[in-house]
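# Coordinate inspection notes
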2 protein chains.
Amino acid sequence: MAQFKRIAVVGAGLIGGSILLAASRRKLAGSLACWSRSVTSREELKKFGVAEVFDSAADCVRGADLVVVTTPVDKAEETFRAIAAGLGPDALVTDAGSIKLAIQLAARHLPPANIFVGAHPMAGSEKAGAAHAAATLFEGKACFITPTGQEPRVAVERIHAFWRDLGSNTTEMDAAKHDEIVAAISHIPHASAAALMLAVASLPAFDPIAAGQGLRDATRIAAGEENLWVGILLANARHVAAGLRITEERTAELRRAIEGGDAGVLHKLLAEARIARQALDRSR
Amino acid sequence: MAQFKRIAVVGAGLIGGSILLAASRRKLAGSLACWSRSVTSREELKKFGVAEVFDSAADCVRGADLVVVTTPVDKAEETFRAIAAGLGPDALVTDAGSIKLAIQLAARHLPPANIFVGAHPMAGSEKAGAAHAAATLFEGKACFITPTGQEPRVAVERIHAFWRDLGSNTTEMDAAKHDEIVAAISHIPHASAAALMLAVASLPAFDPIAAGQGLRDATRIAAGEENLWVGILLANARHVAAGLRITEERTAELRRAIEGGDAGVLHKLLAEARIARQALDRSR
């Protein structure tokens, strides 16, 4: 079901590498091309043997009718500028960034002929890099598609089809709304897990050997690559900061109940948290 | 390898039920007895078909040479008082509570003839109740043994052997030190995960359907039963409150870096958290 003549993936790490593997396995294009800034990643991508590997972003996108930008979100503008020279007038451009409003603005640096439709597959991992890529990464995962409403509908539909063909379930929404949702379900939890890890690791009695699955799960996402996450958190600063402030307040509320020996308040707060968490399981 | 004539488990839920199943499978006693406050749990325990089920705690411990108290930690004193009438003079008593100093104090309510040696198997779960019990629950898990130093050494060694025979790896330490360690690796993460769940669930944009594995893992322990956790957090209040205060401070530090657009500070904090979390993986 090759929908595209040639797909170019610009900035192939975990997400980009997985797109290449999935697109190859599912035969979504006549040919595949990719670029990565890092020599190590380019060597890794060559080993995949599924795509032509370029050492220039502009060369990578030449002749492609679909270009997928998967560089870190704070590099979006730089990447759009870099590929502009190589883009054919019919090339459709999408991305996989965890924030959408800032990337939509950055996409103004693409040539006017090229249509951009943002996307965000909910398929990250704390394991970064093409070495951890997998053809199955997107299977059964949600993927947000965030058009501005100004694009030809056919272009938006082709982007939906592309992400669905990789195995994900697409949902369309406004970029601003998207950023507010992912602040709640991803960015605030990320910063909060990092804060917990920092706090626990600083305690004199902290003993990693004794740690069970509880602490490991609660902090797993804090192992994420800071070079990716600084850009994400800053690009979504307003929502993330507001959520962290609420997290601080709820933590203080629990702490005061514990300090004051207030079993009633503590019971109420923990029950409320348990019910919310169990609702999360039921929503799967 | 029956080390005991009869083992009685007092308050058989997830932990107590698992002890019965493991002790039966591993043939650690000539016979097994148990008691649970709840009629539903007693019915569940009867279905196991491995232990005589009593509706009185004092009757349950009669004739037992090992008694394992697995009631919630804030019920320890009440349980010790309740079993006193049934305890034979040679019965050795242990427990499985998540805090140890308060339970050691509560054990003063046992008859003077009975030796108590506290234990804490690191084998909890957010799934409470005998219905979730498993014979394999303790296998490969750490188990802290917290004698006061006043007990005959042979009694302490029998408690080590009991928990090892259930499959866990025992480590001996002072009760106060234990409580400080588990604050760091379990109690502070629990309260912190609850705070995150409360904060995220209160955001208007929160959408459980969109939530990925990150939020689910970060908040999994917040699904724990509040009736167990209120007692644990209050019994270890000093360490937990101190740790939560530090968590609030580290969250505020991250928030201020995000609000101020300070990529340098944010990068430093996230890198520090990543390194600490990766060290946790290497410690397995």
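Cut-offs applied
Here the residue numbering is sequential within each chain, running from 1 through the sequence in written order. Starting at A for chains and at 1 for ligands, labels are handed out in the order in which the entities are written. In view of the model being predicted, local features appear only for residues whose pLDDT reaches at least 70, and side-chain atom pairs are presented and counted only at 80 or more, with totals across whole chains, interfaces and linings using the full set of residues. When the copies are overlaid, the least-squares fit takes in C-alpha atoms only where the residue has pLDDT of at least 70 in both copies. All axes here are fitted lines through C-alpha atoms, helices being fitted over the stretch that makes contact, and every angle between N-to-C directions spans 0 to 180 degrees. Secondary structure elements follow DSSP: runs of H or I no shorter than four residues count as helices, runs of E no shorter than two count as strands, and numbering proceeds from the N terminus. For a crossing to be left-handed, the near helix must be turned anticlockwise from the far one by less than a right angle; the clockwise case is right-handed. Think of it this way: build a C-beta for each residue from its backbone, and any pair within 7 Å is a contact. Any residue that is not Ala, Val, Leu, Ile, Met, Phe, Trp, Tyr, Cys, Pro, Asp, Glu, Lys or Arg is counted as polar, Gly included; the first ten are nonpolar and the last four charged. Nonpolar cores are identified as sets of buried Ala, Val, Leu, Ile, Met, Phe, Trp, Tyr and Cys residues joined via C-beta atoms within 7 Å. Between the buried cut of 20 or more and the exposed cut of 12 or fewer other C-beta atoms within 10 Å of a residue's own C-beta lies the partly exposed class, and all C-beta atoms are placed from the backbone. In this document the domain limits rely on a domain assignment from an automatic tool or a database. Angle categories: roughly parallel below 35 degrees, roughly antiparallel above 145, roughly perpendicular from 65 to 115, and oblique for all the rest. Should DSSP find at least two bridges between two strands, the strands are regarded as paired. Clockwise travel from the first strand over the helix to the second, with the strands pointing away from the viewer, marks a crossover as right-handed.

## Let's talk about the relation of the copies chain B and chain A
For these two chains of identical sequence, chain B goes onto chain A by a turn of 180° and a shift of 0.0 Å along the axis, with RMSD 0.0 Å. When the rotation and shift are considered jointly, the pair of chain copies conforms to a two-fold rotation axis. Looking at the rotation axis and the C-alpha trace of chain B, the residue lying nearest is B:A218, at 1.9 Å.

## Focus on the packing of helix α10 (residues 237–259) of chain B against helix α11 (residues 263–282) of chain B
All names here are of chain B. Axis separation between α10 and α11 bottoms out at 8 Å; the angle between their running directions is 145°. Where α10 crosses over α11, the handedness of that crossing is left-handed. When α10 is examined against α11, the residues E253, L254, A257 and I258 are found in contact with a partner set consisting of V265, L266 and L269. Each residue belonging to the contact of α10 with α11 can be placed in one class, and the counts come to 6 nonpolar, no polar and 1 charged.

## A look at the nonpolar core
Counting 218 residues, the largest nonpolar core has A:C34, A:V67, B:C34 and B:V67 as its most contacted members. Beyond its immediate chain neighbours, meaning those up to four positions away, B:C34 contacts B:A8, B:V9, B:A12, B:G16, B:L20, B:L45, B:A51, B:V53 and B:C60.

## With respect to the interface of chain B and chain A
Contact residues are listed per partner, giving 79 residues for chain B and 79 residues for chain A. Examining the composition of the side of chain B that touches chain A, we find that 19 residues originate from one element, helix α7 (residues 175–201) of chain B, more than from any other. Of the residues contributing to the side of chain B that touches chain A, the split by class is 50 nonpolar, 15 polar and 14 charged.

## Thoughts on the domain arrangement of chain A
Residue and element names in this part refer to chain A. The assigned domain composition of chain A is domain 1 (4–173) and domain 2 (177–282). On a C-alpha basis, the centroid separation for the pair domain 1 and domain 2 is 31 Å. Opposite the 14 residues of domain 1 that make contact, domain 2 presents 16 residues. Counting only elements with at least two residues in the side of domain 1 that touches domain 2, the list comes to α5 (101–106) and β7 (142–146). Residue composition of the side of domain 1 that touches domain 2, by class: 8 nonpolar, 3 polar and 3 charged.

## So, the packing of helix α9 (residues 226–235) of chain A against α11(B)
Closest axis-to-axis distance for the α9(A)/α11(B) pair is 9 Å, and the angle between their directions is 130°. As summarised for this structure, α9(A) and α11(B) are arranged oblique, according to the angle between their axes. Crossing geometry of α9(A) relative to α11(B) is assigned as right-handed. Between α9(A), through A:E226, A:W229, A:V230, A:L233 and A:L234, and α11(B), the contact on the second element is made entirely by B:A263, B:L266, B:H267, B:L270, B:A271 and B:R274. The residue inventory of the contact of α9(A) with α11(B), partitioned by class, reads 8 nonpolar, 1 polar and 2 charged.

## A closer look at the sheet that holds strand β2 (residues 29–35) of chain A
All names here are of chain A. With parallel pairing, the 5 strands of this open sheet are ordered in space as β3-β2-β1-β4-β5. In this open sheet, the two edge strands, each paired with only one partner strand, are β3 (52–54) and β5 (92–95). Strand-to-strand twist of the sheet, defined as the mean angle between neighbouring strand axes without regard to direction, takes the value 20°. Contacting β1 (4–10), β2 and β4 (66–69), helix α1 (residues 14–25) crosses the sheet at an angle of about 165° to β2.

## Side note on the pairing of β7(A)
All names here are of chain A. The buried fraction of β7 amounts to 5 of the 5 residues, a majority that puts the element mostly inside the structure. Side chains A142, F144 and T146 of β7 all project onto a buried face; the interleaved residues C143 and I145 project onto the opposite face, where all are buried too. Where strand β6 (residues 118–121) and β7 come together, 4 bridges link them in antiparallel fashion. Across the sheet, residue A119 finds its bridge partner in β7, namely I145. Pairing between β7 and strand β8 (residues 169–172): 4 bridges, direction parallel. Across the sheet, C143 pairs through a bridge with T170, a residue of β8. In this view, the connection linking β7 to its parallel neighbour β8 by way of helix α6 (residues 153–165) has right-handed handedness.

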